[in-house]
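Analysis of the macromolecular model
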Amino acid sequence: MDLHETKFAKSGREIIHIQVGKAGNAIGNQFWQLMCEEHGVNTDNKDENMKGCLVHDGCLSGPRGYIDVFFNEGKSTDKKVRYVPRAILLDTNMGDLASIAEDVRVGDIYRPEDIIGNDESSGNCYAKAFHTEGPDLADRCLEMVRKEVEKCNCLQGVQFCHSASGGTGTGLTGLLLKTLRDYLDKQSRAVMQSFVLAPAPGISDVVLEPYNACLCYQDLLEYTDQVFLFDNKALGEICQRALEKDMPKMLDLNSIIARCMSGITSCLRYTGPLNADLRKLQTNLVPFKNAHFLINGLAPLNSKASGKYRRATVLDLSQQMLSKDNVTVKCDPLNPGDEFHGMQKARFLASWTSWKGKFQTKEVDKAMHEIQKDGSRFDKFFPDWIPNCIASSISGGKQKQDIERSVVFATNNTAVHEVFDRSIKSWDSMYKSKAYVHVFEQDGISVQDLMESRNIVQYISDAYTEFARWEDKFFEEMSGGPKPVIRERAIDNDEQRNIAQELK
Ligand SMILES: Nc1nc2c(ncn2[C@@H]2O[C@H](COP(=O)(O)OP(=O)(O)OP(=O)(O)O)[C@@H](O)[C@H]2O)c(=O)[nH]1
Ligand SMILES: [Mg+2]
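Here the structure is a predicted model, which means the values were calculated and not measured. The numbers attached to residues start from 1 for each chain and follow its sequence in the written order. Labels are handed out in written order, letters beginning with A for the chains and numbers beginning with 1 for the ligands. Where local features are concerned, this predicted model is filtered to residues with pLDDT of at least 70; where side-chain atom pairs are given and counted, the filter is 80 or more; whole-chain, interface and lining totals use all residues. Side-chain metrics in this entry use all non-hydrogen atoms of the structure; hydrogen atoms and water are not considered.

Quick look at the site of ligand 1
Residues are classed as near a molecule or strand on a simple rule: at least one heavy atom within 4 Å of it. Contacts to ligand 1 come from 19 residues, most closely from A23, S122, N124, T168 and G169. In protein, a polar contact means a hydrogen-donor-capable atom and an acceptor-capable atom, both N or O and within 3.5 Å, with residues adjacent in sequence counting only if both atoms are side-chain atoms; elsewhere, any N or O pair within 3.5 Å suffices. Here S163 contributes a side-chain N or O atom positioned 3.0 Å from an oxygen atom of ligand 1. In the environment of ligand 1, an oxygen atom lies 2.8 Å from a nitrogen or oxygen atom belonging to the backbone of G167. Bound to the protein, ligand 1 loses 88% of the 640 Å² it would expose on its own. Of all the secondary-structure elements, those providing two or more residues to the shell around ligand 1 are α2 (21-39), α5 (167-187) and α8 (250-269). A run of DSSP states H or I qualifies as a helix once it reaches four residues; a run of E qualifies as a strand once it reaches two. Both are numbered from the N-terminal end. Sorting elements by how many residues they give to the shell around ligand 1 places α2 first, with four residues. Side-chain classes are defined by residue name, with Ala, Val, Leu, Ile, Met, Phe, Trp, Tyr, Cys and Pro counting as nonpolar, Asp, Glu, Lys and Arg as charged, and the others, Gly among them, as polar. In terms of residue class, the shell around ligand 1 is built from five nonpolar, 12 polar and two charged. Using a 1.4 Å probe, the Shrake-Rupley method yields the accessible areas, and only the shown protein chains count as cover for residues.

Take a look at the structure:
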């Protein structure tokens, strides 16, 4: 083995990646391209023998990081080890899978057995993918996962990437989540993450999207630990506004999602002054059971032309990541609310900033404190009942193109209810005429099942609206007396009344 390969360290904390459906596979492909770039895995076609092997350290700016988080070691020839993505690619449309496998850059880095599909098609329907076409594919996928888990040193998590509109991305993913949760809970407590392309407002090319989406959210609520939401409308606007691309392509949208996925896992893949892992992410980002639907912001986001006018200081990056224009799913995390119309102010319940590049802990801590401190521009959006609700990690690692320092901001913001409200609204419109219900019934999903999924989405939305409603100040400003003075109007429910009694 080459010197530069032997000195590379292992983290021993692995993630298994599963991409499902057309959008899931296209996004996943971008993600793997980025992973190869960041860890220095060769995707150049010039020398076939070098494909999948490590590029020489001299060609890589920044540390190589822990490649074993996402890659397995393959065959070694000529003192070179080939690295193979720990990825499983699934679809009910072989044509779409073939186009991924034929991708000139990363197509042949996947192991052929990891590409699992048939040509049966889900007919765009969750029910068909879940009950009819999915079981065989899910069995084959579970078998691959079992083998991977046995090889792992300490499995950190399983990450999914799929859309919440099409039949395969929703139905097959749902079936896999259900099967894997059961299996993994018995094996290890791995974190299940999902990167989801939610239905975009006003853009839809799948008629059954409202039903599919609600069934998908129900599965995500039940079986996953963290859900990161994106939509094509928000991503398209970021491309147009910030990246100055007039006609963004799917590749441009997918590459923003890939950057977020990279940022969220970079604390695991690189060392740095502030370290973290998926379990810490889980603890910090999910303050209430069942409230694990997260939105993202990222920085820097600018075109090459405008990039030269900016300096990526912590402050500049923080301003960009908090900007409502840079949120990757359509909702307003800085909604000031409108009491007259009964609209609640948006709240950041818990957040995570993943900084990549050369940053000092002190400057990051200071910037995060400034954002939340009393009287700051953002203060009112941070509830007082979770003090210090932004956790951070800082890691090194190679960046994309000419970016030296970057940040990804994942946040549990109550404005996420807007995403669910949109799906409920379109579900209701479609269900009014009972249109397409028979398509689901044919494949084993009854009207009651559809109705239940819709009500569960309503439950998620209501829970977030409720968090946004909670009065901030449970205590009056300190009166200087020995006991805190509780503000009666802050008490909203029996649980809080009991806590108040205890404190009294
Ligand atoms: N961002 C992005 N969105 C995509 C891409 N391909 C499809 N979509 C969107 O994904 C949604 C449809 O989901 P698909 O992933 O095509 O569906 P599927 O999971 O393959 O399910 P089927 O219905 O069985 O084909 C639509 O809203 C598309 O606009 C892509 O490459 N990138
Ligand atoms: Mg498809």
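Some words on the pairing of strand β9 (residues 293-299)
The classification of residues rests on relative accessible area computed with a 1.4 Å probe and restricted to protein chains. Under 20% of the type maximum is buried, over 50% is exposed, and intermediate values are partly exposed. Within β9, seven of the seven residues are buried, leaving the element largely enclosed by the surrounding structure. Both faces of β9 are covered, namely the face carrying F293, I295, G297 and A299 and the face carrying L294, N296 and L298. Across two bridges, the pairing between strand β8 (residues 226-231) and β9 is parallel. If you follow V227 over to β9, its bridge partner there is F293. Judged from the five bridges that link them, β9 and strand β12 (residues 406-413) form a sheet pairing that is antiparallel. Looking across to β12, one finds that G297 is bridged to F409. We call two strands paired when DSSP finds no fewer than two bridges between them.

Examining helix α15 (residues 447-469)
To estimate how far a helix should reach, multiply one less than its number of residues by 1.5 Å. Between the first and last C-alpha of α15 there are 33 Å, a value that for 23 residues agrees with the 33 Å anticipated at 1.5 Å per step. Along α15, the residues that are buried comprise V447, L450, S453, R454, I456, V457, I460, S461, Y464, F467 and A468. The contact criterion used throughout is that any non-hydrogen atoms of two residues lie within 4.5 Å. On its buried face, α15 sits against α6 (209-223), β9, β10 (348-356), β12, α13 (417-432) and α14 (437-442).

Quick word on the packing of α5 against α6
For the pair α5 and α6, the least separation of the axes is 9 Å and the interaxial angle reads 20°. The pairing of α5 with α6 is recorded here as roughly parallel in orientation. Handedness of the α5/α6 crossing: left-handed. Seen from α5, the contacting residues are G167, T170, G174, L177, K178 and R181; seen from α6, they are N212, C216, D219, L220 and Y223. Tallied by class, the residues present in the contact of α5 with α6 amount to four nonpolar, four polar and three charged. Axis angles are defined between N-to-C directions and span 0 to 180 degrees, where every axis is a line fitted to C-alpha atoms and, for a helix, only to the segment in contact. The labels follow the angle: roughly parallel below 35 degrees, roughly antiparallel above 145, roughly perpendicular from 65 to 115, and oblique for the rest. What makes a crossing left-handed is the near helix being turned counterclockwise from the far one by less than a right angle; a clockwise turn instead makes it right-handed.

A look at the UniProt feature "domain: Tubulin/FtsZ GTPase" (unreviewed entry) in the chain
UniProt positions are given in the numbering used here, feature names are shortened, and annotations may be inferred rather than shown by experiment. Following the UniProt record, one finds the feature "domain: Tubulin/FtsZ GTPase" (unreviewed entry) at residues 67-272. For residues 67-272, helix accounts for 49% and strand for 21%, while the C-alpha atoms at its two ends are 15 Å apart.

Focus: the pattern of salt bridges
Salt bridges are defined as contacts in which a side-chain nitrogen from Lys or Arg sits within 4 Å of a carboxyl oxygen from Asp or Glu. Taken as a whole and judged by the stated rule, the model has 23 salt bridges. Residues D231 and R422 are paired through a salt bridge, measuring 3.8 Å at the closest nitrogen-oxygen approach. With D231 in strand β8 and R422 in helix α13, the pair connects residues that are 191 residues apart, well separated along the chain. Under the relative-accessibility criterion, D231 is labelled buried at 0%. Residue R422 is classed as partly exposed on the basis of its relative accessible area, which comes to 26%. D332 is paired through a salt bridge with K324; the nearest N and O atoms lie 3.7 Å apart. When salt bridges that share partners are traced, they join R86, R111, E113, D114, E148 and K151 into one network.

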